[in-house]
Amino acid sequence: MAGPQEGRGALVTGGARGIGRAVADRLAADGARVAVVDVDPDAGDPGAHLVLQADVADADAMAAAVAEAAERLGGLAVLVNNAGFGAAKPLDRYDDGEWARLVGVNLTGVWHGIRAAVPHLRAAGAGAGPSASIVNIAGTTASRPTRGEGPYAAAKAGVVALTKAAAVEYAPAVRVNCVSPGYIATRLTKVVVDDEGLRTRIEGRIPLGRIGTVADVAGVVAFLCSPDAAYVTGQDLLVDGGSVLPSHQSDELLKSLLAHWPD
């Protein structure tokens, strides 16, 4: 039985590890021919996918990588802009270079990917067949900023806005959506995930009671790229176990009071 991405070309940035690798693997399992773009593919494990080296913040490098992927995959119908990184320090302690790099990778890099891929995606999404798809990875910090992550949060908020703008401009041939992961178990969160005390604290604030997995995110990305999401565009889907839902002003107090409610 053919998968929902059977025979379609897909490119995933930051695809050598973590969420990007999980997304690449899931799209391949759904039948896609997958290329991963990574600034340092040798540092990860991109698997059997076509591997291309590029820094998403470098417009020329991204344009070349997208063109090569489209040629070698026989076209491009899916783009997942996943590449990104974070940092944490007081907002006024970031220097210009740090700000520029965080915004350059996390926001400008998404624009570079979209700009380079859109001609190929429009061609794939033309006609009566399924539309092409872009999924950008943002984060819950776009709407719920975290202390110390000002530039990162600003960039991710920009990704959400860019997603909505692109959804309007490129419809109906290309659908453009966004996924905002919450706390996900990756190498970047390993120090917390492996500490039972810290993990318990975090999971206690997540309504679904656990830290997310890369497979949780990959499944939502795969849905947005599939025909099942044919009428979905311009959306930002939070994959966070409900972590942004509770009110931090009163939730802990009410949780304690309700726990002692008489039978």
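Right above here is the structure, for reference.
For the structure given in this document, a descriptive report is provided here. Quantities reported herein were computed from a predicted structural model and do not represent experimental measurements.

Reading guide: rules and limits
- Residues numbered from 1 in each chain as written.
- Predicted model: local features only at pLDDT ≥ 70, side-chain atom pairs only at ≥ 80, totals over all residues.
- Heavy atoms only, no water.
- Helix = DSSP H or I, 4+ residues; strand = E, 2+ residues; numbered from the N terminus.
- Rg over C-alpha atoms; globule rule 2.2 N^0.38 Å.
- Buried < 20%, exposed > 50% of the residue type's maximum accessible area, 1.4 Å probe, protein only.
- Contact = heavy atoms within 4.5 Å.
- Areas by Shrake-Rupley, 256 points an atom, 1.4 Å probe, with all protein chains shown as cover.
- Lys, Arg positive; Asp, Glu negative; His and termini not counted.
- Charge placed at Lys NZ, Arg CZ, Asp CG, Glu CD.
- Axes fitted to C-alpha atoms, helices over the stretch in contact; angles between N-to-C directions.
- Parallel < 35°, antiparallel > 145°, perpendicular 65-115°, else oblique.
- Left-handed = near helix turned anticlockwise from the far one by under 90°.
- Nonpolar A, V, L, I, M, F, W, Y, C, P; charged D, E, K, R; others polar.
- 1 Å grid on protein atoms, 1.4 Å probe; cavity = no way out; pocket = protein on both sides within 12 Å on 5 of 7 lines; lining within 4 Å.
- Points joined across faces, edges and corners; volume = space filled by probe spheres on them.
- Pairing = 2+ DSSP bridges.

**Overview of the overall build of the protein**
Then, number 1: Each helix and strand counted, the protein has eight helices and seven strands in total.
Then, number 2: Over its C-alpha atoms the protein spans a radius of gyration of 19 Å, differing by no more than 12% from the 18 Å that the globule rule assigns to 263 residues.
Then, number 3: Expressed as lengths along the three principal axes of its C-alpha atoms, the size of the protein is roughly 65 × 50 × 35 Å.
Then, number 4: Buried positions account for 46% of the 263 residues belonging to the protein.
Then, number 5: Sequence separation of 24 or more characterises 70% of the internal contacts of the protein that already satisfy a separation of 6 or more.
Then, number 6: Working note: accessible area of the protein is about 13100 Å², and carbon and sulfur atoms make up 56% of it.
Then, number 7: The protein carries 23 positive and 29 negative side-chain charges, and their two centres are separated by 2 Å.

**What to know about the packing of helix α2 (residues 59-73) against helix α3 (residues 96-125)**
Helices that pack against each other are described as a pair by the angle of their axes relative to one another and the distance between those axes.
Then, number 1: Packing of α2 against α3 brings their axes to within 9 Å, and their N-to-C directions diverge by 30 degrees. Relative to α3, α2 is oriented roughly parallel. When you trace α2 past α3, the crossing you get is right-handed. Across from Ala 59, Met 62, Ala 63, Val 66, Ala 67 and Ala 70 in α2, the residues of α3 making contact are His 112, Gly 113, Arg 115, Ala 116, Ala 117 and His 120.
Then, number 2: Within the contact of α2 with α3, the residues separate by chemical class into eight nonpolar, three polar and one charged.

**Some details on the layout of surface pockets**
Then, number 1: When its volume is computed, the largest pocket comes out at roughly 1800 Å³.
Then, number 2: Lining the largest pocket are 50 residues, and of these Glu 149, Tyr 152, Gly 182, Tyr 183 and Thr 189 sit closest to its centre.
Then, number 3: Going through the elements one at a time, α1 (18-29), β2 (33-38), α3, α4 (150-170), α5 (190-193) and α6 (196-203) are the ones with two or more residues in the lining of the largest pocket.
Then, number 4: Along the lines of polarity and charge, the residues of the lining of the largest pocket split into 24 nonpolar, 15 polar and eleven charged.
Then, number 5: When its volume is computed, the second largest pocket comes out at roughly 160 Å³.
Then, number 6: If you go around the second largest pocket, you meet 13 residues; those closest to its centre are Arg 210, Gly 212, Asp 216, Asp 240 and Gly 241.

**Some details on the environment of Arg 199**
Then, number 1: Locating Arg 199 in the fold gives a position in helix α6.
Then, number 2: Judged by relative accessible area, Arg 199 falls into the partly exposed class, the value being 27%.
Then, number 3: Along the sequence, Arg 199 and Pro 172 sit 27 residues apart, while their C-alpha atoms lie 43 Å from each other.

**Here we look at the sheet that holds strand β7 (residues 236-239)**
Consider a sheet: its strands pair through backbone hydrogen bonds, and that pairing is either parallel or antiparallel.
Then, number 1: The strand order β3-β2-β1-β4-β5-β6-β7 describes an open sheet built from seven strands, whose pairing is parallel. The two strands at the open ends of the sheet, each matched to only one other strand, are β3 (50-53) and β7. Shown here is a sheet whose adjacent strand axes are inclined to one another by a mean of 20 degrees, direction ignored.
Then, number 2: Two strands pair when backbone bridges link them, and strand β5 (residues 132-137) and strand β6 (residues 174-181) are joined in this way by six bridges, in the parallel orientation. Among the inter-strand pairings, Ser 133 is bridged to a residue of β6, identified as Arg 175.
Then, number 3: Against the sheet, α1 makes contact with β1 (9-13), β2, β4 (78-81) and β6, and its axis sits at roughly 170 degrees relative to β1, the strand it touches most.
Then, number 4: Contacts from α3 reach β4, β5 and β6 within the one sheet, and its direction differs from that of β4 by about 170 degrees.

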